[in-house]
Amino acid sequence: MFLTALALGLMPGGPALADAPLQLSVQNHHFTPTTITAPAGQRFTIQVRNLDPTPEEFESYDFKVEKIMAPHATIIVSVGALKPGAYAFFGDYNPTLAKGVLHVVPAGAH
């Protein structure tokens, strides 16, 4: 039980989950904002709202996520703890238009 709690970040020393989801929207096949920031070493979520009348797929090879969004739908993407750096994301249905960067910074620096 202790190891499960530690792995889930429920005990001191485990990776914490950032408080509020990061906010993104996609409209006219573009992400807004195009740059988001998260703390290093913490799990976090991204809430993505598709404001378009067409589906889109939120994807990142860098932080290994792929999730389809129906038209006018909102999704929640869970991301594991990452090291500091820049991580690209894009809309797989419109990759030349829908793209952005997740900047992961040392905790307390964002």
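In what follows, the structure referred to is the one given above.
Here goes a summary of the coordinates provided. Quantities reported herein were computed from a predicted structural model and do not represent experimental measurements. (Residues numbered from 1 in each chain as written. Predicted model: local features only at pLDDT ≥ 70, side-chain atom pairs only at ≥ 80, totals over all residues. Heavy atoms only, no water.)

### Notes on the nonpolar core
Ranked by internal contacts, the top residues of the largest apolar core, which has 23 residues, are I46, V48, F58, F63 and L102. Only strand 1 (22-27), strand 3 (35-39), strand 4 (44-50), strand 6 (65-69), strand 7 (74-79), strand 8 (85-91) and strand 9 (99-105) provide two or more residues apiece to this core. Setting aside residues up to four positions removed in sequence, V48 forms contacts with L24, F31, F58, M69, A73, T74, I75 and V77. (Core = buried A, V, L, I, M, F, W, Y, C linked by side-chain atoms within 4.5 Å. Buried < 20%, exposed > 50% of the residue type's maximum accessible area, 1.4 Å probe, protein only. Helix = DSSP H or I, 4+ residues; strand = E, 2+ residues; numbered from the N terminus. Contact = heavy atoms within 4.5 Å.)

### Some points on the sheet that holds strand 6
Hydrogen bonds between backbone groups are what pair the strands of a sheet, and the pairing can be parallel or antiparallel. Read across the sheet, five strands follow the order 3-9-8-5-6 without closing on themselves; strand pairing throughout is mixed. This sheet does not close on itself; its edge strands, each paired only once, are strand 3 and strand 6. The average angle at which neighbouring strand axes cross in this sheet is 20 degrees, direction not considered. Examined bridge by bridge, strand 3 and strand 9 share five bridges and lie parallel to one another. If you follow A38 over to strand 9, its bridge partner there is V104. (Pairing = 2+ DSSP bridges. Axes fitted to C-alpha atoms, helices over the stretch in contact; angles between N-to-C directions.)

### Quick notes on the pairing of strand 5 (residues 56-60)
Counting buried positions over the five residues of strand 5 gives five, a clear majority of the element. Both faces of strand 5 are covered, namely the face carrying E56, F58 and S60 and the face carrying E57 and E59. The pairing of strand 5 with strand 6 spans five bridges and is antiparallel. Across the sheet, residue E56 finds its bridge partner in strand 6, namely M69. Adjacent in sequence and paired antiparallel, strand 5 and strand 6 are bridged by four residues, among which K64 carries a positive phi angle near 55 degrees. Alignment of strand 5 against strand 8, held across two bridges, turns out to be antiparallel. Residue pairing across strands places F58 opposite G91, the latter belonging to strand 8.

### Observations concerning the packing of aromatic side chains
Given two aromatic rings, their pairing is described by the distance between the two centres and the angle made by the two planes. Applying the stated criterion to the full structure yields six aromatic pairs. For the pair F58 and F89, a centre-to-centre distance of 5.4 Å together with 35 degrees between the ring planes defines the contact as tilted. Of this pair, F58 sits in strand 5 while F89 sits in strand 8, and the two are 31 residues apart along the sequence. Each member of the pair, F58 together with F89, is buried. (Phe/Tyr/Trp six-rings, centres within 6.5 Å; stacked < 30°, edge-to-face > 60°.)

Distances and angles like these do not, on their own, reveal function.
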